[in-house]
Amino acid sequence: MPIDRPWLLFSEIAINLEQDESGVYELGNRTGSVIYLGSSSRVRQRLKEHLNAWSTTCLKKHTAKYRVEYTSKFKAREWELYDQHVRSHSKPPRCNAAREFPSSRLSEAEIKSGH
């Protein structure tokens, strides 16, 4: 299941209101298409890093929106979201293309346990 939260404007004001806890996030373009999936033990800090990235990065060029789901099992949830995206779109999100994800997918039990 995708992140079930509304899109928020990718801005310093919005990001400053986020919790600095563990979770997953999706970055989207102007039309709401997911262009990047990520996770962090400190979501607010990581979103700020993306916001302040070099202007030539894929994320900086294309991100207009974001949404967050807080979870202690953030790595497993990130892989689950990534797999769902690839199954639905036959390719990774645009700005995840250079990232490496495990070639062997997690089993349902591993996803539920967070490992």
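Residues numbered from 1 in each chain as written. Predicted model: local features only at pLDDT ≥ 70, side-chain atom pairs only at ≥ 80, totals over all residues. Heavy atoms only, no water.

A. Layout of the state of the cysteines. Considering all chains together, one arrives at one disulfide under this definition. Here Cys-58 is linked by a disulfide to Cys-95, with a sulfur-sulfur distance of 1.9 Å. On the sign convention where negative is left-handed, the bridge of Cys-58 and Cys-95, at about -70° about the S-S bond, is left-handed. Of the two residues, Cys-58 sits in helix α3 (residues 58-62) while Cys-95 sits in the loop between α4 (74-89) and α5 (108-113), which places them 37 residues apart along the sequence. (Disulfide = S-S within 2.5 Å. Helix = DSSP H or I, 4+ residues; strand = E, 2+ residues; numbered from the N terminus.)

B. Geometry of α4. Relative to the 22 Å expected for 16 residues at 1.5 Å per residue, α4 spans 22 Å between its end C-alpha atoms, a close match to the ideal helical length. What α4 keeps buried is the set Phe-74, Ala-76, Arg-77, Glu-78, Glu-80, Leu-81, Tyr-82, Asp-83, Gln-84 and His-85. Note on α4: the residue one or two positions beyond its end, Ser-90, has a positive phi of about 65°. (Expected span 1.5 Å × (residues − 1). Buried < 20%, exposed > 50% of the residue type's maximum accessible area, 1.4 Å probe, protein only.)

C. Examining the side chain of Arg-77 more closely. Tracing the sequence through the fold places Arg-77 in helix α4. Apart from residues lying up to four places away in sequence, Arg-77 is in contact with Met-1, Pro-2, Ile-3, Val-24, Glu-69, Thr-71 and Gln-84. (Contact = heavy atoms within 4.5 Å.)

D. The nonpolar core, seen in detail. Counting 14 residues, the largest nonpolar core has Phe-10, Leu-27, Tyr-36, Leu-47 and Tyr-66 as the members making the most contacts within it. The set of elements that each furnish at least two residues to this core consists of α1 (12-16), β2 (23-28), β3 (34-40), α2 (43-51) and β4 (65-70). Broken down by element, the residue count for this core peaks at three residues, all from α2. Not counting residues within four places of it along the chain, the set of residues in contact with Tyr-66 comprises Pro-6, Trp-7, Leu-8, Leu-9, Phe-10, Ala-14, Ile-15, Glu-18, Glu-26, Leu-27 and Leu-47. Ile-3, Val-24, Val-34 and Leu-81 belong to the second largest nonpolar core, which has seven residues in total. (Core = buried A, V, L, I, M, F, W, Y, C linked by side-chain atoms within 4.5 Å.)

E. Focus on the packing of aromatic side chains. Under the definition given, this model contains two aromatic pairs. With 6.2 Å between their ring centres and 70° between their planes, Phe-10 and Tyr-66 make a pair best called edge-to-face. With Phe-10 in the loop between β1 (8-9) and α1 and Tyr-66 in strand β4, this residue pair connects regions lying 56 residues apart in the sequence. Neither Phe-10 nor Tyr-66 differs from the other in exposure class; each is buried. (Phe/Tyr/Trp six-rings, centres within 6.5 Å; stacked < 30°, edge-to-face > 60°.)

F. How the structure looks around the environment of Arg-30. Summarising the element assignment, Arg-30 is placed in the loop between β2 and β3. Between the C-alpha atom of Arg-30 and that of Thr-63, which follows or precedes it by 33 residues, the distance is 7.3 Å. Setting aside residues no more than four positions away along its own chain, Arg-30 makes contact with Ala-64 and Lys-65.

G. Just the sheet that holds β2, in detail. Spatial ordering of the open sheet is given by β1-β4-β2-β3, a layout of four strands whose pairing is antiparallel. Whereas interior strands pair on both sides, the edge strands pair on one side only; in this sheet they are β1 and β3. Here β1 pairs with β4 via two bridges, running antiparallel. Following the sheet pairing, Leu-8 is matched in β4 by Tyr-66. Those strands touched by α2 are β2, β3 and β4, and its axis lies near 25° from that of β2. Sheet strands in contact with α4 are β2, β3 and β4, and its direction is about 165° off that of β3. (Pairing = 2+ DSSP bridges. Axes fitted to C-alpha atoms, helices over the stretch in contact; angles between N-to-C directions.)

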